[in-house]
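Coordinates in review
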Amino acid sequence: MSALFLILILALVGLGFLNPLWWVAAAVLIFGAVHYGRGGYGRGGRGGDSDYGV
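Anyway, here's the lowdown on the structure attached to this text. Only a predicted model underlies this, so the values are computations on that prediction, with no experimental measurement involved. (Residues numbered from 1 in each chain as written. Predicted model: local features only at pLDDT ≥ 70, side-chain atom pairs only at ≥ 80, totals over all residues. Heavy atoms only, no water.)

**Considering the overall build of the chain**
On a plain count of helices and strands, the chain comes out with 2 helices and 0 strands. Counting the 54 residues in the chain, one finds 9% classified as buried. Summing over all exposed atoms, the chain offers an accessible surface of approximately 4,700 Å²; the carbon and sulfur share of this is 68%. (Helix = DSSP H or I, 4+ residues; strand = E, 2+ residues; numbered from the N terminus. Buried < 20%, exposed > 50% of the residue type's maximum accessible area, 1.4 Å probe, protein only. Areas by Shrake-Rupley, 256 points an atom, 1.4 Å probe, with all protein chains shown as cover.)

**Some words on a nonpolar patch on the surface**
On the surface, a nonpolar cluster with roughly 320 Å² of combined accessible area is contributed by V13, F17 and W23. Using a relative accessible area of 66% as the deciding quantity, one classes F17 as exposed. (Patch = residues over 30% accessible without salt bridge, like charges linked within 9 Å, V, L, I, M, F, W, Y side chains within 5 Å. Salt bridge = Lys/Arg side-chain N within 4 Å of Asp/Glu carboxyl O.)

**Here we look at the packing of helix α1 (residues 3–15) against helix α2 (residues 21–37)**
It is the contact of α1 with α2, at a shortest axis distance of 7 Å, that shows an interaxial angle of 150°. Comparing their axes, α2 and α1 come out roughly antiparallel. Two packed elements cross with a definite hand, and for α1 against α2 that hand is left-handed. Residues F5, L8, I9, L12, V13 and L15 of α1 pack against W22, W23, A25, A26, L29, I30 and A33 of α2. Of the residues contributing to the contact of α1 with α2, the split by class is 13 nonpolar, no polar and no charged. (Axes fitted to C-alpha atoms, helices over the stretch in contact; angles between N-to-C directions. Parallel < 35°, antiparallel > 145°, perpendicular 65-115°, else oblique. Left-handed = near helix turned anticlockwise from the far one by under 90°. Contact = heavy atoms within 4.5 Å. Nonpolar A, V, L, I, M, F, W, Y, C, P; charged D, E, K, R; others polar.)

These figures capture arrangement, not role.
Written as structure tokens, this is what we have:
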């Protein structure tokens, strides 16, 4: 994760003390980073690397 991305998340968390909607925005960014960091949509389930019938 880049430093700029972490700074953005920290800024959104800080702004969350003014308006809780910013906490939601920070949570969405964190969820997206975790999801795509684990392979999310890019690596599919049953596909090219499966052992089914090939």
